[in-house]
Amino acid sequence: MFTTVTKYAGDFFNLFYPNVCLVCSRGLLTGENIVCFRCESELPYTNNWNHLDNPLMKRFWGRLDLKGAAVLYHFHKGEGVQHLIHQLKYKGRKDVGEYIGKRFGYKLLEPDSVIKNVDVIVPVPLHWKKLKQRGYNQCDYLAKGLAEVMKVDWKADALVRMKDNVSQTKMHKLDRWTNVAGIFEVADEQLLKNKHVLLVDDVITTSATTEECLQTILKVPGTTVSFATIGVAER
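Thresholds applied
Residues numbered from 1 in each chain as written. Predicted model: local features only at pLDDT ≥ 70, side-chain atom pairs only at ≥ 80, totals over all residues. Heavy atoms only, no water. Salt bridge = Lys/Arg side-chain N within 4 Å of Asp/Glu carboxyl O. Helix = DSSP H or I, 4+ residues; strand = E, 2+ residues; numbered from the N terminus. Buried < 20%, exposed > 50% of the residue type's maximum accessible area, 1.4 Å probe, protein only. Axes fitted to C-alpha atoms, helices over the stretch in contact; angles between N-to-C directions. Parallel < 35°, antiparallel > 145°, perpendicular 65-115°, else oblique. Left-handed = near helix turned anticlockwise from the far one by under 90°. Contact = heavy atoms within 4.5 Å. Nonpolar A, V, L, I, M, F, W, Y, C, P; charged D, E, K, R; others polar. Expected span 1.5 Å × (residues − 1). Pairing = 2+ DSSP bridges. Phe/Tyr/Trp six-rings, centres within 6.5 Å; stacked < 30°, edge-to-face > 60°.

Caption draft 1: Focus on the pattern of salt bridges. Tallied over the entire structure, the rule returns six salt bridges. Note that Glu-211 and Arg-63 form a salt bridge whose closest N and O atoms lie 2.7 Å from each other. Here Arg-63 lies in the loop between helix 3 (55-60) and strand 1 (66-71) and Glu-211 lies in helix 9 (residues 208-218), a separation of 148 residues in the sequence. Accessibility expressed as a relative area gives 7% for Glu-211, which makes it buried. In this structure, the salt-bridge partner of Lys-89 is Asp-202, at a minimum N-O distance of 3.5 Å.

Caption draft 2: Region of the structure containing the packing of helix 5 (residues 94-108) against helix 7 (residues 138-150). Following both chains from N to C, one finds helix 5 and helix 7 inclined at 40 degrees, their axes separated by 6 Å at the closest point. Relative to helix 7, the element helix 5 is oriented oblique. The element helix 5 and its partner helix 7 pack so that their crossing is right-handed. Contacts between helix 5 and helix 7 pair Lys-94, Gly-97, Glu-98, Ile-100, Gly-101, Lys-102, Phe-104, Gly-105, Tyr-106 and Leu-108 from the former with Tyr-141, Leu-142, Lys-144, Gly-145, Leu-146, Glu-148, Val-149 and Met-150 from the latter. Class assignment for the residues of the contact of helix 5 with helix 7 results in nine nonpolar, four polar and five charged.

Caption draft 3: Structural detail: helix 5. Over its 15 residues, helix 5 runs 21 Å from end to end, which matches the ideal 21 Å to within 8%, given 1.5 Å per residue. Within helix 5, burial applies to Val-96, Gly-97, Glu-98, Tyr-99, Ile-100, Gly-101, Phe-104, Gly-105 and Leu-108. Tucked inside the fold, the buried residues of helix 5 contact helix 2 (37-42), strand 1, helix 4 (80-90), helix 7, strand 6 (196-204) and strand 7 (224-232).

Caption draft 4: Geometry of the pairing of strand 7. In terms of burial, strand 7 is a largely internal element, seven of the nine residues being buried. Pairing analysis gives five bridges linking strand 1 to strand 7, with the strands arranged parallel. Looking at the pairing, Gly-68 lines up with Ser-226 of strand 7. Pairing geometry for strand 6 and strand 7, over eight bridges, is parallel.

Caption draft 5: Here's a closer look at the environment of Ala-69. If you trace the backbone, Ala-69 turns up in strand 1. Along the chain, Ala-69 and Trp-49 lie 20 residues apart, while their C-alpha atoms are 7.1 Å from each other. When near neighbours in sequence (up to four residues on either side) are disregarded, Ala-69 contacts Asn-54, Leu-56, Met-57, Val-114, Ile-115 and Phe-227.

Caption draft 6: Summary view of the packing of aromatic side chains. Inspection of the entire model under this criterion finds four aromatic pairs. For the ring pair Tyr-45 and Tyr-73, a centre distance of 4.9 Å and an interplane angle of 50 degrees mean the geometry is tilted. One end of the pair, Tyr-45, is in the loop between helix 2 and helix 3; the other, Tyr-73, is in the loop between strand 1 and helix 4, with 28 residues separating them in the sequence. Looking at Tyr-73, the relative accessible area reads 1%, which means it is buried. Pairing Tyr-136 with Tyr-141 gives two aromatic rings, centres 6.2 Å apart and planes at 75 degrees, and the pair type is edge-to-face. Residue Tyr-136 is classed as buried on the basis of its relative accessible area, which comes to 8%.

These results come straight from atomic positions and should not be treated as a statement about function.
Next up, the structure:
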């Protein structure tokens, strides 16, 4: 009886989440999850989490005191990483966020990782209007996967997005900074005080939103910050 119920439950689940690789669309084999072994081996990892002078770190040089920063994948439109992020962000596949977060977590545990001794992981928040529309914050599930592997806490409600600012993709550089000025607030300083905070986001195009988020966290006494993202979009 239990086996029959489990079978029907699995069939029902597969109506909504077909058991196929989200990169190549082939059926997954036993032991494979989200992405088949072949596509997993071909995903474009950056390996920059082992280099303090990596391109993401250089974005913040001279702007804020960042302990470490890392990008998991090279991001190119129309390729496998974008397919995964699209499923996470727009198709309700929260499990993709945890899958990627766990893989990122193992990378950040490597001996030479530039991100060390994290106390708490904080996802970049959505404004409540967008959260209501989408139903979830995709970055929460990235943070959850990271936290599980790294054995640290994560706090979905540590930061609040106060304004539903417009997209910055086509903005002039100066306008981007104006667009994000003052849009974040710390919900409870006690959650972050005297801690090394790892901020996580799915994909960044400019660093304006990221920097505003990090600067907001740094206003809390005793905090230090690092940043991790799945990819950096082409500009």
